[in-house]
Every structure is written in C-alpha cells, then in structure tokens.
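# Working through the structure, step by step
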Amino acid sequence: MAKIVIKNLNKYYDNGFHAVKDVSFEAEDKEFVVLVGPSGCGKSTILRMIAGLEEISSGEIYIGDRLVNKVQPKDRDIAMVFQNYALYPHMTVYDNMAFALKLRREDKKTIQQKVHNSASLLGIEDLLKRKPGQLSGGQRQRVALGRAIVRNPKVFLFDEPLSNLDAKLRVAMRAEIVKLHQQLANTMIYVTHDQVEAMTMADRIAVLKDGVLQQIDTPLNVYNDPANIFVAGFIGSPAINMVDGMIKADGNDLLFDCGDFSVKIHPDHHQTLAAYKDKKVIMGMRPEDIYDAKFDSMADFPQGIKTICDLVEPLGNEYHVVLITAKYKFTARLDPKELPRMGQEFAISLDMHRAHFFDPDTEARLI
C-alpha cells in the first residue's frame, strides 16, 4: 500500500486559468480521503494529476516514497474508477475485468482466479458473461470497481463514480465502497460534489473552493469546527443559517444583535468575542440547533425569538421548517411534536453554546 503526499500543487491552463492553487495535503497509507467542493473547484483536476492524466504545472506528487511527476500513468500503480464507468462495450464483463491483467501478460489461471475473486467480492459472478449494454447502472459500476480491484493497485482513485446512479442506489453503493475499503485496506482518494457522500464515506475530508484547499480534517471536525464561512455553508444539509449582526455589551453579558432580535452570547464564548464588542460578526446556526421554544424550557441557555412559519417540509421522522423574521430566514430541523402551520407565528430557541461566529472581513471562524 502507499501514502500519497501532495506538495504545493498548481495547475495553469494555456488560457491562463489557475485551476489548482498551491494545494498541499497527505493521504496516509490505507486512508480514505474525499475531495469535496462545488463544480469547478479543482478536485477532479487534482485527481487526474495524481493519476498522471493531467500535466502538473508545479508542485510534487509522491506515491509511497516515489516522486511520480514524470512517471507514466501505467507505471504509477494506481487504478481509477470513472463517473461514466469507461467499460468496453464489445467485451463481456469477464473480459473487461481481465483486460489489464492480460496486458501484463499474467497467466490464464491467475487471471481467472483474480477475476472470480473480485466478482465474488462484489456479487457479480453471475454477470461475467454479459456485456455492459445488458447491465443496469449499478451493475456497471460494480464491474468498473471489479476491473480496478483485480489489479491490486497501491492507490484507488474515484472520480464522482456514483453521480449517474439514482438516489437509492447511490446510498447502497456508498456502503459497498466503504465496505470494500475496509476489506482491501488500500489508500483511496474519492472526488465528489456531494457533501453527504463525503460525510458518510471519508476518514478525512478535503474541502476545496476555487482551486484552494479550505480545510482537511475528519468529517465530524469539519462539521463541528468549520474553518470559515464557505466550509460551514457547504458542509451540512440543510445548510447552516447565517445572520449578520454586532456584538454588544449589556452589563456583564454579551449580546448578538442583528436588528430583528437580540440574544445572549453563551458565557463560554465571552473571552473570544469580547474583542469584537461593537464590531460586526456573522453568526452561524445549524438547523438542528434551533428548537421549538415551547419544548425547550429546560435548555441550558434558552433564547426565545418570534418568527413566522413560511414553509413546512415533512420528511417522516423529522420536518424542515423555514421560519422568517423581518430580515432573515431560518431553516430548522424539528421533531414532529407540534408543528407550525404556514403563516403561523412560531417562537424558536437557539442553542447559543453551539453557535458559530465568523469574522465578516476574513470569513474565518472565531468560534
């Protein structure tokens, strides 16, 4: 297996576009790292540079202890799984999976053993005689995985492999890939724009925006301690609520005042936010940290805010409720105890201990 080290990686295109900007990170041996970000953020470009399919403008890529900047893709000991499966339509599933092994001139018995072992692992043994056109999207994706597995590479690279599947199948295949990683114990780098995929699959998440690495950490750390406004807004569904306001003093208390309402800052945050007294900040509040004030009377730090219910989205075990004040809109994730009706006044309580605060100029997280 192999550790991957990316040092000061840059990619410039001929038109001058700077797609990847001085990116550095490491994927430890046997680690599952997910590169996540919106379309055009550079994540697939980084993956293709690791694979050798895209030329590096500057920087270094190591696979194991070997610098691979000038190494041909076929000699990097990696396997890549593409979004469009990239199967040969005229070949059977068996021949698609065996193709790379035949190019290596491995003996027929070894090829048969590796293909059947991989097919058994993925539950596609009964599909080996079919051609890709006779398979469903999920089956084709399993074949693409099998073709990668038979090579037993040091590193697996995944370029949005589930984006062509329906929602239910994506969930199932996510679990399959995670299970596969546990069984094979290979280093894996996975690219997606879907933050739910990133949160559920990764050992660590690398969040990118406009070619710049914003944060790399475990899924929970990225969610609970986002480095900046972009990371906080991109990771989490529904998205975090952002409110502009000021820090004000009220005796021994600090308040966050946004004009529509004023709430007490939790005492644990006083030391950090005291330096921002009479200055603008941005407060971020996750939907799950907003409660129906009627059922939150025993909270450690209750705050009652009057809102109007604008929309109710039932999801079975929970409801997403959109609530509005004069200037702001909140999305809350509520238990279906006593839901408001559209247009109804509704009092909410904020868990201020879990509130995030950001500097509006640098967009960096303060708390």
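Remember, it's a predicted structure, so these values are computed and weren't measured experimentally.

What counts and what doesn't
Once a new chain begins, its residue numbering starts again from 1 and follows that chain's sequence as written. Side-chain atom pairs in this predicted model are given and counted only at pLDDT of 80 or more, local residue features only at pLDDT of at least 70, and totals for whole chains, interfaces and linings cover all residues. Side-chain measures were taken over the full set of non-hydrogen atoms in the model, leaving aside hydrogen atoms and water. Put simply, DSSP marks the helices as runs of H or I at least four residues long and the strands as runs of E at least two long, and each gets a number from the N terminus on. Only protein chains enter the area calculation, which uses a 1.4 Å probe; residues under 20% of their type maximum are buried, those over 50% are exposed, and those in between are partly exposed. The contact criterion used throughout is that any non-hydrogen atoms of two residues lie within 4.5 Å. Working definition of accessibility: Shrake-Rupley area with a 1.4 Å probe, residue cover restricted to the visible protein chains. We treat Lys and Arg as the positive residues and Asp and Glu as the negative residues; His and chain ends play no part in the count. Just so you know, the charge point we use is NZ for Lys, CZ for Arg, CG for Asp and CD for Glu. For two strands to count as paired, DSSP must find a minimum of two bridges between them. For this document, the term salt bridge refers to a Lys or Arg side-chain nitrogen within 4 Å of an Asp or Glu carboxyl oxygen. Axis definition: a line fitted to C-alpha atoms, over the contacting stretch in the case of helices. Angles run 0 to 180 degrees between N-to-C directions. A pair of aromatic rings is counted whenever rings of Phe, Tyr or Trp (Trp by its six-membered ring) have centres within 6.5 Å, and the orientation is called stacked for planes under 30 degrees apart, edge-to-face for over 60 and tilted otherwise.

What follows is about the overall build of the protein chain. Each helix and strand in the protein chain was counted, giving 9 helices and 20 strands. Counting only C-alpha atoms, the protein chain reaches 80 × 45 × 35 Å along its principal axes. Each of the 367 residues in the protein chain was classed as buried or not, and the buried ones make up 47%. Taking the contacts inside the protein chain whose residues are at least 6 apart along the sequence as the reference set, 65% of them involve residues at least 24 apart. Carbon and sulfur atoms form 47% of the exposed surface of the protein chain, whose accessible area is close to 17,600 Å². Charge-centre separation for the protein chain: the mean point of 46 positive side chains lies 9 Å from the mean point of 49 negative side chains.

What follows concerns the pairing of strand β4 (residues 58-63). With 5 bridges connecting them, strand β1 (residues 4-12) and β4 associate as antiparallel partners. In the strand pairing of β4, K7 is matched with E60. The pairing of β4 with strand β5 (residues 66-67) spans 2 bridges and is antiparallel. Each residue of the ladder has a partner; that of Y62, found in β5, is L67. Between the end of β4 and the start of β5, which pair antiparallel, lie 2 residues, with G64 showing a positive phi angle near 70 degrees.

Enumeration over the complete set of coordinates arrives at 16 salt bridges. We note a salt bridge from D75 to K74, for which the minimum N-O separation is 3.4 Å. By relative accessible area, K74 is classed as exposed at 66%. Its salt-bridge partner being R333, residue E288 comes within 3.6 Å of it at the nearest N-O pair. Of this pair, E288 sits in the loop between β14 (280-285) and β15 (290-292) while R333 sits in strand β18 (residues 329-334), and the two are 45 residues apart along the sequence. Among the ionic contacts, a cluster of salt bridges with common partners joins K3, E26 and E28.

Turning our attention to the sheet that holds β18. Ordered by their spatial adjacency, 5 strands build an open sheet running β15-β19-β16-β17-β18, and the pairing between neighbours is antiparallel. Where the open sheet ends on each side, the last strands, each with one partner, are β15 and β18. For this sheet, the mean angle separating the axes of adjacent strands, direction not counted, is 50 degrees. Here 4 bridges tie strand β16 (residues 305-314) to strand β19 (residues 345-350), and the two strands are oriented antiparallel to one another. Bridging from a neighbouring strand, I308 pairs with E345 of β19.

Here the focus is the pairing of β18. As paired strands, strand β17 (residues 319-324) and β18 are joined by 6 bridges and run antiparallel to one another. Counted as the bridge partner of V322 is T331 from β18. Hairpin connection of β17 to β18: 4 residues between the antiparallel strands.

Cis geometry marks the peptide bond from S237 to P238, where omega comes out at -5 degrees. Looking at the element boundaries, P238 is found in the loop between α8 (229-234) and β11 (241-250). With a phi close to 50 degrees, N8 is a non-glycine residue in the positive phi region. As for its position among the elements, N8 is in strand β1.

Tracing the chain through its elements places H356 in strand β20 (residues 356-358). Overall, the relative accessible area of 6% leaves H356 in the buried class. Residues H356 and S136, spaced 220 residues apart in sequence, show a C-alpha to C-alpha distance of 44 Å. The contacts of H356, once residues within four sequence positions are left out, are Y223, N224, P226, I240, I282, M283, G284, R365 and I367.

Turning our attention to the sheet that holds strand β10 (residues 212-217). In spatial order, the strands read β6-β7-β8-β3-β9-β10; together these 6 strands make up an open sheet with mixed pairing. Strand pairing shows two members of the sheet lacking a second neighbour, β6 (78-81) and β10, which therefore form its edges. For this sheet, the mean angle separating the axes of adjacent strands, direction not counted, is 15 degrees. Inspection of the sheet shows strand β9 (residues 204-209) paired to β10 by 5 bridges, in the antiparallel sense. Each residue of the ladder has a partner; that of A206, found in β10, is I216. Docked against the sheet, helix α4 (residues 137-149) engages β6 and β7 (155-159), running at close to 175 degrees with respect to β6.

To continue, consider the packing of aromatic side chains. All chains considered together, the criterion is met by 7 aromatic pairs. Where F156 meets F158, the ring centres are 6.2 Å apart and the plane angle is 20 degrees; that geometry is what we call stacked. Accessibility expressed as a relative area gives 2% for F156, which makes it buried. Judged by its relative accessible area of 0%, F158 falls in the buried class. Centre to centre, the rings of F256 and F357 are 5.9 Å apart; their planes meet at 65 degrees, and the pair counts as edge-to-face.

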